[in-house]
Amino acid sequence: MNPLDIIRKYYTLDSLAGQSLLIHSQLVRDKAQSLAIRHPEMDLDIPFIQEAAMLHDIGIFLTKAPDIGCFGEHPYICHGYLGADLLREEGLPRHALVCERHTGAGISLEMIKKNHLPLPQRDMLPVTLEEKLIAFADKFYSKTNLTREKKLGKIRAEMAFYGEETVARFEEWCELFL
């Protein structure tokens with residue numbers, strides 16, 4: 001499976017949205033692959049990581065994010081489950097789980113209810129090591145500043161905005177992958 005074939009179904013690659021998605025996804029893929037290679041003891045599925053990292057944000061075009069060229073009708077926080085729906089239709093249920101579970105450091109059902117988030121009422125937390133690794137690598141790159149990897153301190157500050165549960169999950173991933 002070539003992730004670019006799927007991306008091209010939904011994006012014009014030279015558009016702002018296409019470039020935002022493509023460059024960001026390549027950076028996340030490269031970071032996740034690099035971390036996976038550093039941890040052979042984890043026996044991670046590197047080909048899957050490469051594919052899923054390229055597709056983790058496939059749903060952004062369905063959201064309102066004009067600064068990255070996306071003019072959909074949904075709030076940006078919905079891009080994960082919307083992308084998961086697309087990938088399930090493509091026959092990629094395992095890749096779909098990465099989409100659905102990567103937002104933030106994952107989103108628990110409790111967080112969805114407590115914050116009245118416009119998301120399906122279910123846990124959207126990374127479960128497998130591959131899901132956790134891609135979600136972790138994603139935190140290092142923004143779609144609005146595609147030229148720079150974020151420092152750990154900045155990521156930690158961003159995670160703190162979403163509460164202790166999110167910070168704890170991110171710290172667990174730091175211990176696991178760094």
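Residues numbered from 1 in each chain as written. Predicted model: local features only at pLDDT ≥ 70, side-chain atom pairs only at ≥ 80, totals over all residues. Heavy atoms only, no water.

J.: Sorry if this is basic, but what is going on with the environment of Gln-26 here?
T.: Considering the arrangement of structural elements, one finds Gln-26 in helix α2 (residues 16–37). Exposure remark for Gln-26: the relative accessible area of 28% places this residue in the partly exposed category. Through-space distance from the C-alpha of Gln-26 to that of His-56 is 11 Å; in sequence the pair is 30 residues apart. (Helix = DSSP H or I, 4+ residues; strand = E, 2+ residues; numbered from the N terminus. Buried < 20%, exposed > 50% of the residue type's maximum accessible area, 1.4 Å probe, protein only.)

J.: Can you walk me through the pattern of salt bridges in this structure?
T.: Between side chains of opposite charge, a pair can form when the charged atoms approach closely. Taken as a whole, this structure holds 16 salt bridges when the rule is applied. For Arg-122, the salt bridge identified is with Glu-100, shortest N-O distance 2.7 Å. Of this pair, Arg-122 sits in the loop between α6 (109–114) and α7 (129–138) while Glu-100 sits in helix α5 (residues 93–101), and the two are 22 residues apart along the sequence. Overall, the relative accessible area of 5% leaves Glu-100 in the buried class. A cluster of three or more residues bridged by salt bridges with shared partners is formed by Asp-85, Arg-88, Glu-100 and Arg-122. (Salt bridge = Lys/Arg side-chain N within 4 Å of Asp/Glu carboxyl O.)

J.: How should I be thinking about the UniProt feature "domain: HD" (unreviewed entry) in the chain in this particular structure?
T.: The feature "domain: HD" (unreviewed entry), as given by UniProt, occupies residues 22–140 in the numbering adopted here. Across residues 22–140, the secondary structure splits into 52% helix and 3% strand, with the terminal C-alpha atoms separated by 15 Å. (UniProt positions renumbered as here; feature names shortened; annotations may be inferred.)

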